[in-house]
Amino acid sequence: MPFVQLNWKPNKKELRQFGAVFMCGFVLIGLVKYLWPFEAFISKNETLGLWLIGIGIVVGALGLTGSRIALPLYWAWLGIAYVLGNIMSRVIMGAIYYLLFTPMRFLGMLIGRDRLQLKKPKGDSFWIDVKFSDRVEDYEKQF
């Protein structure tokens, strides 16, 4: 059973929500591409901005009607979002693992940290003696 349940048969309310989100998202991205004053991070591209605004208005208007004519667009967008979500979740989790946890592990190895106590102890046994407190106050709030 997959973790994500895709709704391939949306009702009118869900189609309207799709249209509103699609229109807002594409028009906003198109306006940023059309009006962006700084060239440092995002390049200004007026033609692409106008295309994104136009696509957002047309597809959003079709979705806002809630009619079945918007279904192929909804299905296409749902399929694209599903594939990109699968790919990006793996890329992000891999980046977190290899860019955060792996360097932390190597740094721990360099300074001699052994949190799992994997090195062989100096004695004959792996047993660790635990000292218990005799004070009653130590057992009042254990968490």
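Residues numbered from 1 in each chain as written. Predicted model: local features only at pLDDT ≥ 70, side-chain atom pairs only at ≥ 80, totals over all residues. Heavy atoms only, no water.

Caption draft 1: Here's a closer look at helix H2 (residues 46-65). Taking 1.5 Å as the rise per residue, H2 with 20 residues should run 28 Å; its terminal C-alpha atoms sit 29 Å apart, in good agreement. On its buried face, H2 sits against helix H1 (12-35) and helix H3 (71-110). Within two residues after H2, Gly66 carries a phi angle of roughly 75°, on the positive side. (Helix = DSSP H or I, 4+ residues; strand = E, 2+ residues; numbered from the N terminus. Expected span 1.5 Å × (residues − 1). Contact = heavy atoms within 4.5 Å.)

Caption draft 2: Examining the packing of H1 against H3 more closely. Relative orientation of the contacting elements H1 and H3 amounts to 65°, with a least axis distance of 11 Å. Relative to H3, H1 is oriented so that their crossing is left-handed. Here Leu15, Phe18, Phe22 and Phe26 of H1 come into contact with H3, specifically with Leu71, Leu73, Tyr74 and Trp77. Among the residues forming the contact of H1 with H3, the class breakdown is eight nonpolar, no polar and no charged. (Axes fitted to C-alpha atoms, helices over the stretch in contact; angles between N-to-C directions. Left-handed = near helix turned anticlockwise from the far one by under 90°. Nonpolar A, V, L, I, M, F, W, Y, C, P; charged D, E, K, R; others polar.)

Caption draft 3: Seen up close, the environment of Ile80. Here Ile80 shows up in helix H3. Overall, Ile80 belongs to the partly exposed group, its relative accessible area being 44%. C-alpha separation for the pair Ile80 and Thr47, spaced 33 residues apart in sequence, amounts to 24 Å. (Buried < 20%, exposed > 50% of the residue type's maximum accessible area, 1.4 Å probe, protein only.)

Caption draft 4: Summary view of the nonpolar core. Core analysis: the largest hydrophobic core is formed by 10 residues, namely Leu15, Phe18, Phe22, Phe26, Leu52, Val59, Ala70, Leu71, Tyr74 and Leu78. Breaking this core down by element, the ones donating at least two residues are H1, H2 and H3. Leaving out residues up to four positions away in the same chain, Ala70 has contacts with Leu15, Leu62 and Gly63. (Core = buried A, V, L, I, M, F, W, Y, C linked by side-chain atoms within 4.5 Å.)

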